[in-house]
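Notes for the structure review
Residues per chain are reported as follows:
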Amino acid sequence: QVQLVESGGGLVQAGGSLRLSCAASGRTFSTYAMGWFRQAPGKEREFVAGISWSGGRIYYADSVKGRFTISRDDAKNTVYLQMNSLKPDDTAVYYCAADYVTGAGTRGGKYDYWGQGTQVTVSS
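Residues numbered from 1 in each chain as written. Predicted model: local features only at pLDDT ≥ 70, side-chain atom pairs only at ≥ 80, totals over all residues. Heavy atoms only, no water.

Turning next to the packing of aromatic side chains. Scanning all chains against the criterion turns up 5 aromatic pairs. Each ring, one from F37 and one from W114, has its centre 4.8 Å from the other, and the planes form 55 degrees; the classification is tilted. Highlighted residues: F37 in strand β4 (residues 33–39) and W114 in strand β10 (residues 113–114), separated in sequence by 77 residues. With a relative accessible area of 7%, F37 lands in the buried category. Every member of this aromatic cluster is reached through a ring pair, and the members are F37, F47, Y111 and W114. Sitting over the ring of Y95, R45 keeps its end group 5.5 Å from the ring centre. The lysine or arginine in question, R45, covers the ring of W114, its NZ or CZ lying 4.0 Å from the ring centre. (Phe/Tyr/Trp six-rings, centres within 6.5 Å; stacked < 30°, edge-to-face > 60°. Helix = DSSP H or I, 4+ residues; strand = E, 2+ residues; numbered from the N terminus. Buried < 20%, exposed > 50% of the residue type's maximum accessible area, 1.4 Å probe, protein only. Lys NZ or Arg CZ within 6 Å of the ring centre and 35° of its normal.)

Following this line, the structure appears as structure tokens:
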């Protein structure tokens, strides 16, 4: 079993920044691909960013490209999402997820484990 715990969400004004963290336990973290997803009220959950098990391949949704950065620290079993230039449309619950099947970090990866989510609210 894998447990994931997100933190770092909160309220921020448009143009501001937040850094989300996701701490993992239960399996060897360095073998997982990790992804960030978000879900806004009334909308489907969408892929935001992903990183391969090696850290060598990174993927972003077009809506966040150039503003968000995903990274991982295997020594701390943690993945991060640095969010800059935040917009009201970024308001959502953000979830981290682990894929130990493909290890790719792509939008279509097999994300079998999910955190509880952390709320990000961006005001104008």
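Here we come to the pattern of salt bridges. Taken as a whole, this structure holds 5 salt bridges when the rule is applied. Here R38 ties to E46 by a salt bridge, and the two come within 2.8 Å at their closest N and O atoms. Of the charged contacts, one joins D74 and R72 as a salt bridge, the two residues approaching to 2.9 Å between their closest N and O atoms. By relative accessible area, which is 15% here, R72 ends up buried. Look at the salt bridges and you will find they share partners, linking R38, E46, R67 and D90 into a network. (Salt bridge = Lys/Arg side-chain N within 4 Å of Asp/Glu carboxyl O.)

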